[in-house]
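Chain and residue survey
One letter stands for each residue in the lines below.
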2 protein chains.
Amino acid sequence: MSDPKISLSDMRERIDSIDRQIQELISERARRAQEVAQVKGAGLSAIDYYRPEREAHVLRMVVDRNDGPLPDTEMVRLFREIMSSCLAQEDPLKIGYLGPEGTFSEQAVRKHFGHAAYSLPLGSIEEVFQEVAAGNADFGVVPVENSGQGMIQITLDLFLTSEAIICGEVELRVHQCLHSQNGRLEDVKRVYAHAQSLQQCKSWLRLNLPTAECIAVSSNAEAARLARHADDVAAIAGETAGRVYGLKTVAEAIEDRADNTTRFLVIGRSLFPPSGNDRTSLLVTVNDKPGALYDVLSPLARHKVSMNRIESRPAHTGKWQYAFFIDISGHISDEGVQAAVKEIDGNAGTVRVLGSYPVALP
Amino acid sequence: MSDPKISLSDMRERIDSIDRQIQELISERARRAQEVAQVKGAGLSAIDYYRPEREAHVLRMVVDRNDGPLPDTEMVRLFREIMSSCLAQEDPLKIGYLGPEGTFSEQAVRKHFGHAAYSLPLGSIEEVFQEVAAGNADFGVVPVENSGQGMIQITLDLFLTSEAIICGEVELRVHQCLHSQNGRLEDVKRVYAHAQSLQQCKSWLRLNLPTAECIAVSSNAEAARLARHADDVAAIAGETAGRVYGLKTVAEAIEDRADNTTRFLVIGRSLFPPSGNDRTSLLVTVNDKPGALYDVLSPLARHKVSMNRIESRPAHTGKWQYAFFIDISGHISDEGVQAAVKEIDGNAGTVRVLGSYPVALP
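Note that this is a predicted model, so its numbers are computed, not measured.

What follows covers the packing of aromatic side chains. Two aromatic rings are characterised by how far apart their centres lie and by the angle between their planes. The tally for this structure, following the rule as stated, stands at 10 aromatic pairs over all chains. Seen from their ring centres, Y50 of chain B and F113 of chain B are 5.8 Å apart, and the 45° between their planes marks the pair as tilted. With Y50 of chain B in the loop between α2 (46-49) and α3 (52-65) and F113 of chain B in helix α5 (residues 104-113), the pair connects residues that are 63 residues apart, well separated along the chain. With respect to class, Y50 of chain B is no different from F113 of chain B; both count as buried. Linked through ring pairs, Y50, F113, F139 and F272 of chain A together constitute an aromatic cluster.

In structure tokens form, the structure reads like this:
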């Protein structure tokens, strides 16, 4: 509880004292991180002692401990940046991604590696794989699934022909809302939004505003600005955008796929140990015969391994072959996962472990 | 000194304990920030209790206290983000800037306001001024000086016709270096770089590598990649880029203007109190008569106010009038500054105080 008798300058002095302690601790943390680097061998680059499983573990503890007032996402972001700065005391990590700068892919790089990492915008998803394979980038970040468009086939296909290993996943969530000046759906005659957002919310608009005119503008922020001026105009925009423009929310999560998330994979050259909450991605190639998929899935069920995702692709390696991309819960070093994979491999098909990595953080 | 007998897991436990303390303190800081907001009046937006002079003061203390191992820039960055998160507990600040996303202007927004502020990419510098004036953005960030091109005239001219008040400045520094595989200047036959970087280093190249072939590529990162493959190829790129690509530095700071800085102004709608190390920007309109500039400058000298910058523009307000943009050290509430301005105003010309604001941090 705040004491009303405490003056503003007293409050600021308290904050100054907190800041002094935070700074001492961050410096202390940076020194400890240097010691860890020294134990592992002096003069190395960040890649030599970067441990994604350790980072995921640290961030999960941050979430577990957090009881506000900052939301989990902000607290995780601050710790990500602190770790990013500590790690960049040696040569920073080089992260390749699909450029140009300012895209969702760059946001994913920053969300996962913080701002002290060195990001390399590249021309194509294929180039990201190549630069990681050649060692020019330590890691790459590639989009793999967009809840609007489903799996991104080019990324999956590149796993068929490359040796890339999945070292992490990143999720970016974007919710679309309908905002207006007075918040009343029945008053809306026109809807402004970026063309892509109009597209993403097509079904909802057809159902709830069948006669409204839909007008594409340069951005959703622009749409929110326009909606302030009349009661019969609404804008599609994120929660924050509506709030900062002083609009009322008419409806939330109006995108056709309710969970509007883009999922990215972090690719690298080696497998990391378990973090305590991991996912394993498998590439299973089978011959096209009846029951092939059943033969793949039954060992998983038998060993109580839960499957999170499956996607089939024609394999380019031989006639009548199919490839399944399968995501399961657990790390490849877990007993059950290991046993199930061993049973599938050689019997039902050929298994390649694409990677075991920490489940995405908020 | 690190004790070689301490195991990796002991080290990690120590770091975990440090993290726990950092987190408690950040949460404590966020609670204190809420109290400050409550004292100023409940239910306000971030703009109602954002104090740039206080932030500048806090960050200067961070720099003063810092004795490593993290560099000042990283420590300042982390505290900027912590303050940004604490501030965004209420409605976040809205910052207009010259879009699109991913530009230098956005970097300046992030450097000054952190990642918890809400950034609005706008179509032109003029629009940034308009949105700030209309209250749709709390602040705007506009480029005002590029050491390559000098003052950015459009920004200066907008001050002639708007009521915008300067609330801060941000500097982004970019040093260009020449890097190659073996670091020997005499071996260089070809130089790769982005076209703009080749342009920025033209004089140095003409003087030091008159016969080398200059080849423009898509980015300096791309240039650094290419330079790894042959001893007779060099790349122009930043310090970090050369380092991460394992190249040796042939020469540093080779840009024609040694101090390759872009300076941005933060514009808002009100003047803030002094931070302890401030700059004041004046717009002085004078009639075109002999000695006009002397009459402007002598009161400054008399009151021992040092001038940092001057730029003249034809004023659009009347025939034969000139406008001078003058930056001086100190805050308009300082006695000497106030006295000098009073003497200039009415005698030598008409003075408008464009703003008094904290000097840019590293």
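We are not done yet, so read on.
Moving on: the interface of chain B and chain A. Between chain B and chain A, the contact holds 69 residues from the first and 70 residues from the second. Taken together, chain B and chain A are joined by 8 salt bridges. The residue R54 of chain B makes a salt bridge to D16 of chain A at a minimum N-O spacing of 3.0 Å. Counting across the interface, chain B meets chain A through 21 residue pairs in polar contact (both at pLDDT 80 or more). If you list the elements that add at least two residues to the side of chain B that touches chain A, you get α1 (8-40), α3, α4 (72-87), β2 (118-122), α6 (125-133), α10 (220-227) and α11 (239-244) of chain B. Ranked by residues supplied to the side of chain B that touches chain A, first place goes to α1 of chain B with 27 residues. In terms of residue class, the side of chain B that touches chain A is built from 30 nonpolar, 14 polar and 25 charged.

What follows deals with a nonpolar patch on the surface. A surface patch of nonpolar side chains, amounting to about 210 Å² of accessible area, comprises L293, M307 and I310 of chain A. When you line up the elements, I310 of chain A lands in strand β13 (residues 307-314).

Across all of its chains, the model carries 40 salt bridges over all chains by this definition. Measuring nitrogen to oxygen at the nearest pair gives 4.0 Å for the salt bridge that ties R110 of chain A to E106 of chain A. One end of the pair, R110 of chain A, and the other, E106 of chain A, are both in helix α5 (residues 104-113), 4 residues apart, so they sit about a helical turn from each other. When its relative accessible area of 16% is taken as the criterion, R110 of chain A is described as buried. Across the salt bridge formed by E169 of chain B and R263 of chain B, the nearest N and O atoms sit 2.8 Å from each other. Separated by 94 residues along the polypeptide, E169 of chain B in strand β5 (residues 165-173) and R263 of chain B in strand β11 (residues 261-268) bring together distant segments of the chain. With respect to burial, E169 of chain B and R263 of chain B carry one shared label: buried. By sharing partners, the salt bridges in this structure join E145, E169, R263, R279, R309 and D327 of chain A into a single network.

Okay, the sheet that holds strand β9 (residues 233-237) of chain A next. All names here are of chain A. Here 5 strands make up an open sheet; going across it, the order is β8-β7-β9-β6-β10 and the pairing mixed. The open sheet is flanked by β8 (213-216) and β10 (248-251), the only strands paired with a single partner. Sheet twist, expressed as the average angle between the axes of neighbouring strands with direction ignored, equals 35°. Direction of pairing for strand β7 (residues 190-193) relative to β9: parallel, over a ladder of 3 bridges. Within β9, the position partnered with V191 by the bridge is A234. The strands touched by helix α10 (residues 220-227) within the sheet are β6 (177-180), β7 and β9, with β9 carrying the most contacts at an inclination of about 155°.

Before going further, it helps to examine the packing of helix α12 (residues 292-302) of chain B against helix α13 (residues 335-344) of chain B. Residue and element names in this part refer to chain B. For the pair α12 and α13, interaxial distance at closest approach is 9 Å and the crossing angle is 155°. In terms of orientation, α12 and α13 fall into the roughly antiparallel class. Seen along the crossing, α12 lies across α13 with a hand that is right-handed. On α13, the residues touching V296, P299, L300 and R302 of α12 are A340, E343 and I344. In terms of residue class, the contact of α12 with α13 is built from 5 nonpolar, no polar and 2 charged.

For the rest of this paragraph, the subject is the sheet that holds strand β8 (residues 213-216) of chain B. Residues and elements named next belong to chain B. One open sheet accounts for 5 strands, arranged β8-β7-β9-β6-β10; its pairing is mixed. The open sheet is flanked by β8 and β10 (248-251), the only strands paired with a single partner. The average undirected angle you get between the axes of adjacent strands in this sheet is 35°. Note: strand β6 (residues 177-180) against strand β9 (residues 233-237), 4 bridges, orientation antiparallel. Within the sheet, the bridge partner assigned to S180 lies in β9 and is A234.

Rotating chain B by 180° and moving it 0.1 Å along the rotation axis overlays it on chain A with an RMSD of 0.1 Å. Here the transformation between the copies is reduced to the relation of a two-fold axis. The residues that chain B uses at the interface reappear at the interface of chain A in 100% of cases, marking a shared surface.

Now for helix α3 (residues 52-65) of chain A. Helical periodicity: at 3.6 residues per turn, an α-helix aligns residues three or four positions apart in one direction. Taking 1.5 Å per residue, 14 residues should reach 20 Å; α3 of chain A reaches 20 Å between its end C-alpha atoms and fits that length. With respect to burial, α3 of chain A is a largely interior element, 10 of its 14 residues being buried. Every buried residue belonging to α3 of chain A is among P52, E53, R54, E55, A56, V58, L59, R60, M61 and V62 of chain A, and all of these are buried. Each element contacted by the buried residues of α3 of chain A is listed here: α1 (8-40), α4 (72-87), α5, β5 (165-173) and β15 (350-358) of chain A together with α1 of chain B.

Here the focus is the domain arrangement of chain A. Segmentation of chain A into domains returns domain 1 (8-87), domain 2 (95-173 + 260-270), domain 3 (177-251) and domain 4 (272-362). Look at where the C-alpha atoms of domain 1 of chain A and domain 3 of chain A centre, and you get two points 40 Å apart.

Turning next to the state of the cysteines. Residue and element names in this part refer to chain B. Evaluation of the coordinates by the stated rule reveals 0 disulfides over all chains. Of all cysteine sulfurs, the one in C201 lies closest to C214, which takes part in no disulfide; the gap is 9.6 Å. Among the residues examined, C214 registers a relative accessible area of 41% and is labelled partly exposed.

Now for the environment of P92 of chain A. Examined against the element boundaries, P92 of chain A turns out to sit in the loop between α4 and β1 (94-98). Taking the C-alpha atoms as reference points, P92 of chain A and Y118 of chain A, separated by 26 residues in sequence, lie 6.1 Å from one another.

Let's shift gears to unusual backbone geometry. For the bond from G68 of chain A to P69 of chain A, the omega torsion is 5°, close enough to zero to count as cis. Its place among the elements puts P69 of chain A in the loop between α3 and α4. Even without being glycine, A253 of chain B reaches a positive phi, approximately 45°. In this fold, A253 of chain B is placed in the loop between β10 and β11. For K304 of chain B, which is not glycine, the phi torsion reads 55° and is therefore positive. Along the chain, K304 of chain B turns up in the loop between α12 and β13 (307-314).

The rules we used
Residues numbered from 1 in each chain as written. Chains lettered and ligands numbered in written order. Predicted model: local features only at pLDDT ≥ 70, side-chain atom pairs only at ≥ 80, totals over all residues. Heavy atoms only, no water. Phe/Tyr/Trp six-rings, centres within 6.5 Å; stacked < 30°, edge-to-face > 60°. Helix = DSSP H or I, 4+ residues; strand = E, 2+ residues; numbered from the N terminus. Buried < 20%, exposed > 50% of the residue type's maximum accessible area, 1.4 Å probe, protein only. Contact = heavy atoms within 4.5 Å. Salt bridge = Lys/Arg side-chain N within 4 Å of Asp/Glu carboxyl O. Polar contact = N/O pair within 3.5 Å; in protein donor to acceptor, adjacent residues only side chain to side chain. Nonpolar A, V, L, I, M, F, W, Y, C, P; charged D, E, K, R; others polar. Patch = residues over 30% accessible without salt bridge, like charges linked within 9 Å, V, L, I, M, F, W, Y side chains within 5 Å. Areas by Shrake-Rupley, 256 points an atom, 1.4 Å probe, with all protein chains shown as cover. Pairing = 2+ DSSP bridges. Axes fitted to C-alpha atoms, helices over the stretch in contact; angles between N-to-C directions. Parallel < 35°, antiparallel > 145°, perpendicular 65-115°, else oblique. Left-handed = near helix turned anticlockwise from the far one by under 90°. Least-squares fit on C-alpha atoms with pLDDT ≥ 70 in both. Expected span 1.5 Å × (residues − 1). Domains from an automatic or database assignment. Disulfide = S-S within 2.5 Å.

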